[in-house]
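# Descriptive structure summary
So you can see what is in the structure, the chains are spelled out below.
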Protein chains: 2
Amino acid sequence: MEKGNFKDRPNATRLALSIGKVNSDIDIDTVQQFLNFQYSYREMQRQYDAVLAKYHLTESRFVILMFLYEAPHQQLLPLQLAEKLGATRATVSKLLRGLVDQGRVNKQPSPTDKRATLIGLTAEGERVLLSFLPHNFDAVQTLFGGLSSNELTTLSHLLAKIQNGTQTLEQEMEK
Amino acid sequence: MEKGNFKDRPNATRLALSIGKVNSDIDIDTVQQFLNFQYSYREMQRQYDAVLAKYHLTESRFVILMFLYEAPHQQLLPLQLAEKLGATRATVSKLLRGLVDQGRVNKQPSPTDKRATLIGLTAEGERVLLSFLPHNFDAVQTLFGGLSSNELTTLSHLLAKIQNGTQTLEQEMEK
DNA sequence: ATAATTTAATTAGCCGGCTAACTATATTAC
DNA sequence: GTAATATAGTTAGCCGGCTAATTAAATTAT
């Protein structure tokens, strides 16, 4: 579930005040679009999460079902799921417990490694996934369908710049 | 702290497969840019959170300090903070406990309403806030400084379209 | 004036992130 | 062959979201 979102976003005047107070020479519009980016994502995600919730899914659980569905024998190790998800094994452990409780996934010991557990998609898991998928694409279409092909291209350029900024910030932090 | 992020994003072929399987006629690029948008935000936020963490702050706590700093007498009610933050009072209650423990905020009973508690910024809270602010703007500059003035304008147009999509989805859900 | 309702804040309990610590098994080094 | 190390998974405990329930006080209705 997604976090809340400021209802009180500073206007240019208030921002200018804060910026002036600390003698930063950052451009006000830069800050405002940073805030706008956060805001837009969070509102979008909140709504997308609401769609998922209607089908008793969360995004992470949905994505796990997708990974399993596409995997050979529809089976993966928790470790592999964690890598694909970009989450820790601890987090995946929790998510899997939930999915097992929902009967969408099962666990069985690996025949080759006694430490490992094979996670498999159940028939119920596949049913839920396949019945949800069309609604997922509908939601994405509603969210992003307003952008033309050209606009999608432009968006991807702008996102690439933000990703560059992110990488730069990451490098600056390492120092 | 921000959630993880898929490391395994489907390529066009895999997406086309999933889409075809459920007979959706959504455009593949639409889905990919939706995923790209999520990915870009999450990586950005993860890094921004890391900056905040360096100063023993989280975004929510930082924003609360800002709201208090700008408030008359640097005081607000939990209820007002919840509204500005766009979070529930329960969440604010938790955040305030943490801020009180850090000595950045104090509580005192409202003189006019015995149910209410006035939250005030302490000297320490103000010190932390003002010493962090320049680093905050530096981080935002690093993240978004790569976008020109024109690009920021374009971004805001595209975000507006996503916000429209979000609103449409919200309306569709109500029905 | 009192009863009913609304409101402010907190608490309990769930979720999904995280790190750190632990157990059990595999692997590597010697 | 055994000791040291690395790896798979889980658990405990923290954080910040949430909803629902609770308490106390204020307000409104009658």
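All figures in this text were calculated on a predicted structure; none of them were measured in a lab.

Conventions we followed
- Residues numbered from 1 in each chain as written.
- Chains lettered and ligands numbered in written order.
- Predicted model: local features only at pLDDT ≥ 70, side-chain atom pairs only at ≥ 80, totals over all residues.
- Heavy atoms only, no water.
- Salt bridge = Lys/Arg side-chain N within 4 Å of Asp/Glu carboxyl O.
- Helix = DSSP H or I, 4+ residues; strand = E, 2+ residues; numbered from the N terminus.
- Buried < 20%, exposed > 50% of the residue type's maximum accessible area, 1.4 Å probe, protein only.
- Arc of directions from axis to C-beta.
- Contact = heavy atoms within 4.5 Å.
- Domains from an automatic or database assignment.
- Buried area = accessible area lost by both parts, 1.4 Å probe.
- Polar contact = N/O pair within 3.5 Å; in protein donor to acceptor, adjacent residues only side chain to side chain.
- Nonpolar A, V, L, I, M, F, W, Y, C, P; charged D, E, K, R; others polar.

### Quick word on the pattern of salt bridges
- Considering all chains together, one arrives at twelve salt bridges over all chains under this definition.
- Residues A:Arg46 and A:Glu43 are paired through a salt bridge, measuring 4.0 Å at the closest nitrogen-oxygen approach. Linking A:Arg46 with A:Glu43, this pair stays in helix H2 (residues 28–54), spanning three residues, or about one helical turn.
- What makes A:Arg46 partly exposed here is its relative accessible area of 32%.
- In this structure, A:Glu70 and B:Arg14 form a salt bridge, with 2.9 Å as the shortest nitrogen-oxygen distance. Note that A:Glu70 is positioned in helix H3 (residues 59–70) and B:Arg14 in helix H1 (residues 12–21), a pairing that runs across two chains.
- Residue classification places A:Glu70 among the partly exposed residues on the basis of a relative accessible area of 31%.

### Quick notes on H1(B)
- For H1(B), the set of buried residues is B:Leu15, B:Ser18 and B:Ile19. Taken around the axis of H1(B), the buried residues stretch over an arc of 95 degrees, which confines them to a single face. Across H1(B) from its buried face, at more than 90 degrees, point the exposed residues B:Thr13 and B:Leu17.
- Looking at the buried positions of H1(B), the neighbouring elements they touch are H3 and helix H6 (123–144) of chain A together with helix H2 (28–54) of chain B.

### Structural notes on the domain arrangement of chain A
All names here are of chain A.
- Here the domain parsing of chain A yields domain 1 (8–54) and domain 2 (56–136).
- For domain 1 versus domain 2, the distance between C-alpha centres works out to 35 Å.
- Each partner contributes residues to the interface: domain 1 has six residues there, and domain 2 has seven residues.
- When residues of domain 1 are sorted by the area they lose upon contact with domain 2, Tyr48, Val51 and Leu52 head the list and together hold 73% of the total.
- Our enumeration of links across domain 1 and domain 2 arrives at zero salt bridges.
- On inspection of domain 1 and its partner domain 2, the count reaches six residue pairs in polar contact (both at pLDDT 80 or more).
- A class-by-class count of the residues in the side of domain 1 that touches domain 2 yields four nonpolar, one polar and one charged.

### Observations regarding the interface of chain B and chain A
- Listed as interface residues are 77 residues of chain B and, on the opposing side, 77 residues of chain A.
- Taken together, both faces of the contact between chain B and chain A bury some 7,200 Å²; the carbon and sulfur share is 67%.
- Here chain B is connected to chain A by six salt bridges.
- A salt bridge links B:Lys161 to A:Glu151, with the shortest nitrogen-to-oxygen separation between them at 3.0 Å.
- At the surface where chain B touches chain A, the tally comes to 20 residue pairs in polar contact (both at pLDDT 80 or more).
- Among the elements of the structure, H1, H2, helix H3 (59–70), helix H4 (78–85), helix H6 (123–144) and helix H7 (149–174) of chain B are those that each provide at least two residues to the side of chain B that touches chain A.
- Sort the elements by how many residues they give to the side of chain B that touches chain A and H2(B) lands first, with 21 residues.

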